[in-house]
Amino acid sequence: MALLRELRAGDGLRVKRYKIAVIPGDGIGPEVIEAAMPVLDRAAAKHGFTLAWERLPYCADHYLKTGETLPDAAFGHLRDDVDAIFLGALGDPRVPGNEHARDILLGLRFRLDLYVNFRPVQLLHPDLTPLRADRRTGGQPDSPTARRPQIDFVIFRENTEGVYLGRGRIEGDQYIAEEVNTAKGVERIIRAAFDWAKAHGKARVTMSDKANAVPAHRIWQETFRRVAAQYVGIEAEHRYVDALAMELVREPERFAVIVTNNLYGDILSDLGAALVGGLGLAPSANLHPGRSGGGLFEPVHGSAPALAGKGIANPLAAILTGALMFEQLGHPDAARDLERAVKETLRAGVRTSDIGGAATTEQVAQATQEHL
Ligand code: NAD
Ligand code: IPM
Ligand code: MN
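What you see is a predicted model; the values in this text were computed from it and never measured. Every residue gets a number counted from 1 within its own chain, in the order that chain's sequence is written. Written order determines the labels here, with chains lettered from A and ligands numbered from 1. Local features in this predicted model are restricted to residues whose pLDDT is 70 or higher, and side-chain atom pairs enter the listing and the counts only when it is 80 or higher, whereas totals over whole chains, interfaces and linings include all residues. Working from all heavy atoms in the structure, the side-chain values ignore hydrogens and water.

Chemist: What should I look at first to understand the sheet that holds strand S12 (residues 296-299) in this one?
Modeler: By definition, the strands of a sheet pair up through backbone hydrogen bonds, in either a parallel or an antiparallel sense. Taken in spatial order, the 10 strands of this open sheet run S2-S1-S3-S12-S11-S4-S5-S10-S8-S9, and their pairing is mixed. The strands lining the two open edges of the sheet, one partner per strand, are strand S2 (49-55) and strand S9 (235-240). Each adjacent strand pair in this sheet contributes to an overall mean axis angle of 25°, direction not counted. The pairing of strand S3 (residues 84-89) with S12 spans 2 bridges and is parallel. Residue pairing for S12: Ile-85 is matched across the bridge by Leu-296. Any two residues having at least one pair of non-hydrogen atoms within 4.5 Å are treated as being in contact. Convention adopted: a line fitted to C-alpha atoms gives each axis, helices being fitted over their contacting stretch, and angles between N-to-C directions are expressed from 0 to 180 degrees. Only runs of H or I of at least four residues qualify as helices and only runs of E of at least two qualify as strands under DSSP, and these elements are numbered from the N terminus. Sheet contacts for helix H8 (residues 183-199): strand S4 (116-122), strand S5 (152-158), strand S8 (204-209), S9 and strand S10 (257-260); angle to S5, the most-contacted strand, approximately 160°. Running at roughly 155° to S5, helix H11 (residues 262-275) makes contact with S4, S5, S8 and S10 of the sheet. Strands were regarded as paired on the criterion that DSSP finds at least two bridges between them.

Chemist: It is not clear to me how helix H2 (residues 29-46) should be interpreted in this structure. Could you clarify?
Modeler: One turn of an α-helix holds 3.6 residues; hence residues three or four places apart share an orientation. Taking 1.5 Å per residue as the helical rise, H2 with its 18 residues ought to reach 26 Å, and the 26 Å between its terminal C-alpha atoms agrees with that figure. Exposure classes here rest on a 1.4 Å probe applied to the protein chains alone. A residue is buried below 20% of its type maximum, exposed above 50%, and partly exposed in between. Within H2, the full set of buried residues consists of Gly-29, Glu-31, Val-32, Ile-33, Ala-35, Ala-36, Met-37, Val-39, Leu-40, Ala-43 and Ala-44. Next to the buried residues of H2 lie strand S1 (16-25), S2, S3, helix H12 (316-329), helix H13 (332-347) and helix H14 (361-370). Looking at the residues trailing H2, positive phi occurs at Gly-48, about 85°. Each helix should span, by expectation, one fewer than its residue count multiplied by 1.5 Å.

Chemist: Honestly, the domain arrangement of the protein chain in this entry has me stumped. Any pointers?
Modeler: Interface size, as often reported, equals the accessible area lost upon joining of the parts. Residue ranges for the domains trace back to a domain assignment, done automatically or taken from a database. Looking at the assigned domains, one finds that the protein chain contains domain 1 (1-128 + 280-372) and domain 2 (152-275). Each of domain 1 and domain 2 was reduced to a C-alpha centroid, and the two centroids are 25 Å apart. With 20 residues of domain 1 in contact, the opposing surface of domain 2 contributes 22 residues. Summed over both partners, the accessible area (1.4 Å probe) lost when two parts come together is defined as the buried area. Summing both sides of the interface, domain 1 and domain 2 together bury roughly 1800 Å²; the carbon and sulfur share of this comes to 56%. Interface area lost by domain 1 to domain 2 is led by Tyr-115, Arg-119 and Val-121, which between them contribute 37%. Salt bridge criterion: a side-chain nitrogen from Lys or Arg within 4 Å of a carboxyl oxygen from Asp or Glu. Our count for the domain 1 to domain 2 interface comes out at 1 salt bridge. Across the pair Arg-188 and Asp-113 runs a salt bridge, and its minimum N-O distance is 2.7 Å. Broken down by secondary-structure element, the contributors of at least two residues to the side of domain 1 that touches domain 2 are helix H5 (99-111) and S4. Ranked by residues supplied to the side of domain 1 that touches domain 2, first place goes to S4 with 7 residues. Residues are grouped as follows: Ala, Val, Leu, Ile, Met, Phe, Trp, Tyr, Cys and Pro are nonpolar; Asp, Glu, Lys and Arg are charged; all remaining types, including Gly, are polar. Residues that form the side of domain 1 that touches domain 2 fall into these classes: 12 nonpolar, 4 polar and 4 charged.

Printed below as a string of structure tokens:
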């Protein structure tokens, strides 16, 4: 079969091969990434493409040994030569200032201009939500929505501005952080949220800011109103971020697309993860819409130092992150198949301890691979 493909390469039958740079990172990062890779290989093979993995060493250990975070040559390579970057997590108690993560993770988001941090929140099995079914349905535990809760929304987190730019200064005893909101930056993330809503048949986009306390957030209000007017048929609603946090717990089913700034998106995405089983299940993609290649794919979770080295971290967030990567590489069927396999693993009760099971990282990955 392989020979046939080689011989007929000129006919366009050659198996598509993607170059994926891997930054396993710190703590549980390498554990979940190494567990996810064979699962992604299997899904790719089943759907007629292959992944050429290239592991890169940049992490806290490397930084402590060499003083190097992300060298320029490596940045150039990641920008020019690969189809996607698959990253575990960065963060290590031995680097309390998080300098290496700032250069590697935030550095890649900023320098590659990956202005969308796409964070889906989807309930993959009804028993994963900590929300009580009767509360969610007005005291009717047997209603159909109680049995089949439909938490399914995405967060469009602005990824290149806000307080994350680290601008500011220290003046005596004043530690001043500046939050940057540009017309271009705010407009493009809002537009990306509406475009996605339109393409996916979603009826509502919710923008969240804190314009009642932060005068600069007027730009979010004005831009949202202007852009929303161009998307007929999609309801545009606003929530201050404090109220949104409350409402997400009270009635997550009513949300479809949430668009917000960098910091609020960071916080709301951990809250969102908690609604559907926790960080062990939450994927994310850093994207520049319209750009075919590129993209940085990472679970929402961090390096979870307390879990590291025990082989019990949940690999499903990393595997689901692989599905987002497949989608972006132009293989939605492989993405859906991977998501189906994850759901079957959850249904079969093969789970790590964060979601109430006793399985190891490896066993969960293995079970998911078998469902492919
Ligand atoms: P964390 O996400 O590492 O952990 C928060 C909680 O979730 C912990 O209880 C942890 O055990 C649990 N958890 C996370 N992932 C899990 C998984 N796959 N399976 C089971 N349980 C899981 O957040 P933190 O403790 O605030 O941060 C630890 C370090 O990670 C810090 O240095 C932080 O800066 C960094 N961090 C990095 C990233 C990233 O690289 N994308 C994201 C978040 C945090
Ligand atoms: C995330 C993380 C990062 C962020 C940290 C590690 C800088 O929490 O990816 O959600 O705040 O963006
Ligand atoms: Mn975060």
